[in-house]
Amino acid sequence: MTNKKVVIPIGPQHPALKEPGCFTLTLEGEKVTNAVVGVGYNHRGLEKSCESRSYIQCLYIIERVCGICSHSHSTNFLRAVEQIAGVEISRRANYIRVLMAELERLHSHLLWLGVAGHIIGFDTLLMYSWRDRELVLDQLATIGGNRVNYGINTIGGVRRDIDAQNIEDLKKMCTIVEEQAKYYAQIALTETTLAARLGGVGKLSHDDCIKYGAVGPTSRAAGVADDIRKTDPYCLYEEMPFDVITTEYADVFGRTVVRVLEIFESVKIIRYVLDNLPDGELVVKVPRKIPAGESVTRYEAPRGEDVHMVRANGTEYPERVRVRAPSEANWHGMAHMIEGDYLADAPLIIAAIDPCYSCTDRKIIVDNKDTETQSVLDWNQLRQYSIDWYKNRGIDTTKIQIPEKKLYF
Amino acid sequence: MPLAIFGLLVFPGFLFLSVYSLWFEYLDRKMYARMQNRQGPPWFQPLADFLKLIGKETIIPDDADKPVFKILPVFALAAATAAFLYVPIWGQTGLYSFEGDIVVVLYLLTIPTLAFFLAGWFSTSVYATIGSVRSLTQLFSYEIPIFMALLSPAILSGSWSIAGNAAFYHTHPLYILINIPAFIVAVIAIQGKLERVPFDAPEAETEIVAGAFTEYSGRLLAIFRMTIDAELIVVASIMAAIFFPAFVANPVLGFIIYLVKTFIILFILTVIRSVMARIRIEQMVVFCWKYLVPLALIQILLNLLLKGVLPL
């Protein structure tokens, strides 16, 4: 067994992966010698569908790029649109956007902590951190009306205000989450089985991070002080008191430490926002037709740098919308991280970048050069092929009666 | 003869073992859930799971060796059930007892693990193959410490039967304190045998789906699940008999004491399961050979020395 090479697929359907993606690992014993990352199962064509919709309709599509960082994408898209339109939104609207962004970061990091715990078989951590994540989600639901797609943003500002009751509840939540985060930080830094499983796994050094273009907690864990909130401040982040967390571990342990410590920084920002919430209008009027222009905006999502490009052509519809989700930047170093590690660590390494498959997936075009062995089928040919395939096995699908749809009330 | 059949099939044989193992699984899951701040399952959940699996279709892979694939779950359950007959339930003696039964029980407890290995191997799926290889690797790591830990009390008592050990430590209760290192080794090593966290690498669901059981479904999987529960009972019972030597003459009271003792063992196992993460297979091997085996060896040496010194 030790010298024989085994090829093991992780995915497209696998208990460790929450979304489809295929990682083909070649094993020598328990060690991974070669890893091939295959993504692209989840392409939804959101960028294209934005081109035939008005800006306000696009906003709802963009918000659904990602389930966890919905606010990140919509804020980033709106910043691009507002830049082109030359609109300056009010300070209060900016502060509320920051508040939502940091609440989102809190719940995303707590979610990741639980997922990582589950992957290394530490389900108690999963249950605890997800229990505390509920507190954050409750607050998000109170403010925005929904647990994940808050719909707080609109062109020119925000749709919902924060009142005194919200501020009080949020402060209570901050106290509890901070208390719990201290406990998790203590567990993460001292628990022996956790340290044994996370330490030295999925190494991506400082130089490799820059070479492969890793972003977010993945690169910060390797000591790259790359946080858009500091390097290219937006939404008045330059006023917020917080530090960029970096470690020198450059492994999954470092990524855990970065995420846990960032919870404290987010709590700090939320407290500052609540104490210094300026007065002002929520929404600034923006014309339906955005003048021609192009804008690229950057944003620090919980998973790393998120880049949006919008090109306007003077009509109600954008000419081009481009989304580069943070996971896409992190995929490039993935094979490098997995190779040389144990099979047992592969799901953990994959999870450590907090991958978001559907945000990232692109359309894949099959470059069909070898026409002898490959062929491209259109829809009808494919249908005929499947009918013949079943016929050869004695099943005539054309005779199958589809029962009438029954409605159960 | 009817009494012997009653003993084999009803109490303390197959039926009691089945009921008690389902109850144990419930206690395990409920305590685990409460420790994680969850509600946990209702009391009938293990039985409901079992019945549901029984009713499900059994799918056998085309490439699998069908007779072996089908016989292995039954084989594993039979071995665990046979081991249970030699374990004391209501007093110092099990249903059957002879000089050397402690070794037989340990031997019978190895068979389910071998059955898991073969089950994974013959189902020819990559996940199952890797899981079964891990099972076997793990077997070579925990089996030695577990044998040494459970046999070192026997060295001191001079008896190779569970009943003999129980009687010896019952008359000399303080001597059990000598065996505390062996108890620690045994508690840790049986986590490997039962494939529980932190030593559940052979069936780590986030890495290799369900390990050796990946291709199993329906009735066969139900029997395997039951085997694991039964193994837990047998292991807890044998540890209770050897390391907790509190016995009374009254069989009913003795039975209640047995329930309490096994519950304590289960509680320790559940706490370990809820506060630890899964460690990698190579870390497990290193841990067993570096720490558990030397500790068990020290215990054996200590017991050999004390046997010459103590007035027995």
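Residues numbered from 1 in each chain as written. Chains lettered and ligands numbered in written order. Predicted model: local features only at pLDDT ≥ 70, side-chain atom pairs only at ≥ 80, totals over all residues. Heavy atoms only, no water.

## Examining the overall build of chain B
Part 1 of the reasoning: Looking only at helices and strands, chain B has twelve helices and zero strands in total.
Part 2 of the reasoning: For chain B, the succession of helices and strands along the chain, N to C, is α-α-α-α-α-α-α-α-α-α-α-α.
Part 3 of the reasoning: Expected size for 312 residues packed as a compact globule is a radius of gyration near 20 Å; at 19 Å, chain B falls within 12% of this value.
Part 4 of the reasoning: With respect to the principal axes defined by its C-alpha atoms, chain B has extents near 65 × 50 × 40 Å.
Part 5 of the reasoning: Sorting the 312 residues of chain B into buried and exposed places 57% on the buried side.
Part 6 of the reasoning: Considering only contacts in chain B between residues 6 or more positions apart, those separated by 24 or more positions represent 79%.
Part 7 of the reasoning: Put simply, chain B shows about 12,700 Å² of open surface, and 75% of that area lies on carbon and sulfur atoms.
Part 8 of the reasoning: Averaged over its 19 positive side-chain charges, chain B has a centre that lies 7 Å from the centre of its 19 negative ones. (Helix = DSSP H or I, 4+ residues; strand = E, 2+ residues; numbered from the N terminus. Rg over C-alpha atoms; globule rule 2.2 N^0.38 Å. Buried < 20%, exposed > 50% of the residue type's maximum accessible area, 1.4 Å probe, protein only. Contact = heavy atoms within 4.5 Å. Areas by Shrake-Rupley, 256 points an atom, 1.4 Å probe, with all protein chains shown as cover. Lys, Arg positive; Asp, Glu negative; His and termini not counted. Charge placed at Lys NZ, Arg CZ, Asp CG, Glu CD.)

## Describing the overall build of chain A
Part 1 of the reasoning: What chain A contains, in helices and strands, is 16 helices and eight strands.
Part 2 of the reasoning: Taking 409 residues into account, the globule formula puts the C-alpha radius of gyration at 22 Å, and chain A, at 24 Å, falls close to it.
Part 3 of the reasoning: For the C-alpha atoms alone, the extent of chain A along its principal axes is close to 70 × 55 × 50 Å.
Part 4 of the reasoning: Every one of the 409 residues in chain A was classed for burial, and the buried ones make up 55%.

## A short note on the environment of A:I387
Residues and elements named next belong to chain A.
Part 1 of the reasoning: Mapped onto the fold, I387 is located in helix α16 (residues 379-392).
Part 2 of the reasoning: When the C-alpha positions of I387 and R64 are compared, they lie 36 Å apart, and in sequence the two are 323 residues distant.
Part 3 of the reasoning: The residues contacting I387, other than those within four sequence positions of it, are T397 and T398.

## So, the environment of B:E231
Residues and elements named next belong to chain B.
Part 1 of the reasoning: Structurally, the position occupied by E231 is in helix α10 (residues 218-243).
Part 2 of the reasoning: The class for E231 is buried, based on a relative accessible area of 1%.
Part 3 of the reasoning: Residues E231 and T113 lie 118 residues apart in sequence; the distance between their C-alpha atoms is 10.0 Å.

## Overview of the side chain of B:R273
Part 1 of the reasoning: Along the polypeptide, B:R273 turns up in helix α11 (residues 251-275).
Part 2 of the reasoning: Reaching out from B:R273, the side chain makes a polar contact with the side chain of B:D28 at a distance of 2.8 Å. (Polar contact = N/O pair within 3.5 Å; in protein donor to acceptor, adjacent residues only side chain to side chain.)

## Here we look at the side chain of A:E47
All names here are of chain A.
Part 1 of the reasoning: Relative to the helices and strands, E47 resides in helix α1 (residues 46-50).
Part 2 of the reasoning: For E47, the side chain forms a polar contact with the main-chain nitrogen of V323, separated by 2.9 Å.
Part 3 of the reasoning: In this structure, E47 is in contact with R320, V321, R322, V323 and R362, ignoring residues within four places of it in sequence.

## With respect to the layout of surface pockets
Residue and element names in this part refer to chain B.
Part 1 of the reasoning: Taken as a whole, the largest pocket spans an internal volume of roughly 1,100 Å³.
Part 2 of the reasoning: In this structure, the largest pocket is lined by 31 residues; those nearest its centre are E195, D200, E203, R225 and R273.
Part 3 of the reasoning: Those elements that provide at least two residues to the lining of the largest pocket are α2 (14-35), α9 (205-208) and α10. (1 Å grid on protein atoms, 1.4 Å probe; cavity = no way out; pocket = protein on both sides within 12 Å on 5 of 7 lines; lining within 4 Å. Points joined across faces, edges and corners; volume = space filled by probe spheres on them.)

## Here's the deal with the packing of aromatic side chains
All names here are of chain A.
Part 1 of the reasoning: Counted according to the given criterion, the structure contains 29 aromatic pairs over all chains.
Part 2 of the reasoning: One Lys or Arg, R131, reaches over the ring of Y128 and ends 4.7 Å from the middle of that ring.
Part 3 of the reasoning: Cation over ring: R133 sits above W130, and NZ or CZ is 5.6 Å from the ring centre. (Phe/Tyr/Trp six-rings, centres within 6.5 Å; stacked < 30°, edge-to-face > 60°. Lys NZ or Arg CZ within 6 Å of the ring centre and 35° of its normal.)

## Re the confidence of the model for chain B
Residues and elements named next belong to chain B.
Part 1 of the reasoning: Overall, the predicted model of chain B reaches an average pLDDT of 86, with 100% of residues at or above 70.
Part 2 of the reasoning: Mean pLDDT across the elements of chain B ranges from a minimum in α9, with 73, to a maximum in helix α3 (residues 45-55), with 91.
Part 3 of the reasoning: Across the whole predicted complex the pTM is 0.83, and at the interface the ipTM reaches 0.81. (pLDDT = per-residue confidence, 0-100.)

## Regarding the interface of chain A and chain B
Part 1 of the reasoning: Taken together, the contact between chain A and chain B spans 33 residues of the former and 26 residues of the latter.
Part 2 of the reasoning: For the pair chain A and chain B, the summed buried area comes to about 2,500 Å², and 58% of that belongs to carbon and sulfur atoms.
Part 3 of the reasoning: Inspection of the chain A/chain B interface yields one salt bridge.
Part 4 of the reasoning: With a shortest N-O distance of 2.7 Å, A:D345 and B:R280 are connected by a salt bridge.
Part 5 of the reasoning: Remark: the boundary between chain A and chain B carries eight residue pairs in polar contact (both at pLDDT 80 or more).
Part 6 of the reasoning: At the level of secondary structure, the elements contributing two or more residues to the side of chain A that touches chain B comprise β1 (5-10), α4 (91-119), α5 (123-144) and α7 (192-198) of chain A. (Buried area = accessible area lost by both parts, 1.4 Å probe. Salt bridge = Lys/Arg side-chain N within 4 Å of Asp/Glu carboxyl O.)

## Remarks on the sheet that holds strand β3 (residues 31-38) of chain A
All names here are of chain A.
Part 1 of the reasoning: A sheet is described by the order of its strands in space; here three strands give the open sequence β1-β2-β3, paired in antiparallel fashion. Either end of the sheet is taken by a strand with one partner, and the two such strands are β1 and β3. On average, each strand axis in the sheet is inclined to that of its neighbour by 20°, with strand direction left out of account. (Pairing = 2+ DSSP bridges. Axes fitted to C-alpha atoms, helices over the stretch in contact; angles between N-to-C directions.)

## Things to note about the pattern of salt bridges
Residue and element names in this part refer to chain A.
Part 1 of the reasoning: A complete count under the given rule lists 37 salt bridges over all chains for this structure.
Part 2 of the reasoning: Between R197 and D345 there is a salt bridge, with the nearest N and O atoms lying 3.2 Å from each other. Linking R197 in helix α7 with D345 in the loop between α13 (334-338) and α14 (346-352), this pair joins segments that are 148 residues apart in sequence.
Part 3 of the reasoning: Overall, R197 belongs to the buried group, its relative accessible area being 0%.

## Concerning the pairing of strand β7 (residues 304-312) of chain A
All names here are of chain A.
Part 1 of the reasoning: Within β7, eight of the nine residues are buried, which leaves it mostly tucked inside the rest of the structure.
Part 2 of the reasoning: Linkage of strand β6 (residues 293-301) to β7, two consecutive antiparallel strands, is achieved through a turn of two residues.
Part 3 of the reasoning: Counting the residues in the hairpin turn of β7 and strand β8 (residues 318-324) gives five residues, including G314, whose phi is positive at 90°.

## Remarks on the pairing of β6(A)
Part 1 of the reasoning: For β6(A) and β7(A), the ladder comprises nine bridges, and the chain directions are antiparallel. Of the residues in β7(A), the one forming a bridge with A:R298 is A:V307.

## Description of the state of the cysteines
Residues and elements named next belong to chain A.
Part 1 of the reasoning: Applying the stated rule across the entire model yields zero disulfides over all chains.
Part 2 of the reasoning: Not engaged in a disulfide, the cysteine C66 finds its nearest cysteine sulfur in C356; these two sulfurs lie 3.2 Å apart.
Part 3 of the reasoning: Accessibility expressed as a relative area gives 2% for C66, which makes it buried.
Part 4 of the reasoning: Here C209 is not cross-linked by a disulfide; its sulfur's nearest cysteine counterpart is in C69, at 19 Å. (Disulfide = S-S within 2.5 Å.)

## Description of the nonpolar core
Part 1 of the reasoning: A:L25 and A:L103 are the most contacted members of the largest nonpolar core, which totals 121 residues.
Part 2 of the reasoning: Ranked by residue count, the leading element in this core is α4(A), at 16 residues.
Part 3 of the reasoning: Filtering out sequence-adjacent residues up to four positions away, A:L25 remains in contact with A:V6, A:V7, A:I8, A:I10, A:V32, A:N34, A:A35, A:I338, A:L343 and A:A346.
Part 4 of the reasoning: Listed in part, the 83 residues of the second largest apolar core include B:I111, B:F117, B:M226 and B:I228. (Core = buried A, V, L, I, M, F, W, Y, C linked by side-chain atoms within 4.5 Å.)

## Focus on the packing of helix α6 (residues 164-190) of chain A against helix α11 (residues 252-275) of chain A
Residues and elements named next belong to chain A.
Part 1 of the reasoning: Put simply, α6 and α11 touch, their axes get as near as 10 Å, and they point 160° apart. The angle between α6 and α11 falls in the class roughly antiparallel. Note that α6 runs across α11; the crossing there is left-handed.
Part 2 of the reasoning: Residues belonging to the contact of α6 with α11 are distributed by class as follows: 17 nonpolar, two polar and five charged. (Parallel < 35°, antiparallel > 145°, perpendicular 65-115°, else oblique. Left-handed = near helix turned anticlockwise from the far one by under 90°. Nonpolar A, V, L, I, M, F, W, Y, C, P; charged D, E, K, R; others polar.)

## Section: unusual backbone geometry
Part 1 of the reasoning: Looking along the chain, the bond that leaves B:V197 and enters B:P198 is cis, with omega of 5°.
Part 2 of the reasoning: For A:D354, which is not glycine, the phi dihedral falls at a positive 55°.
Part 3 of the reasoning: In this structure, B:N37 is a non-glycine residue whose phi angle is positive, near 65°.
Part 4 of the reasoning: For B:N37, the location among the structural elements is in the loop between α2 and α3.

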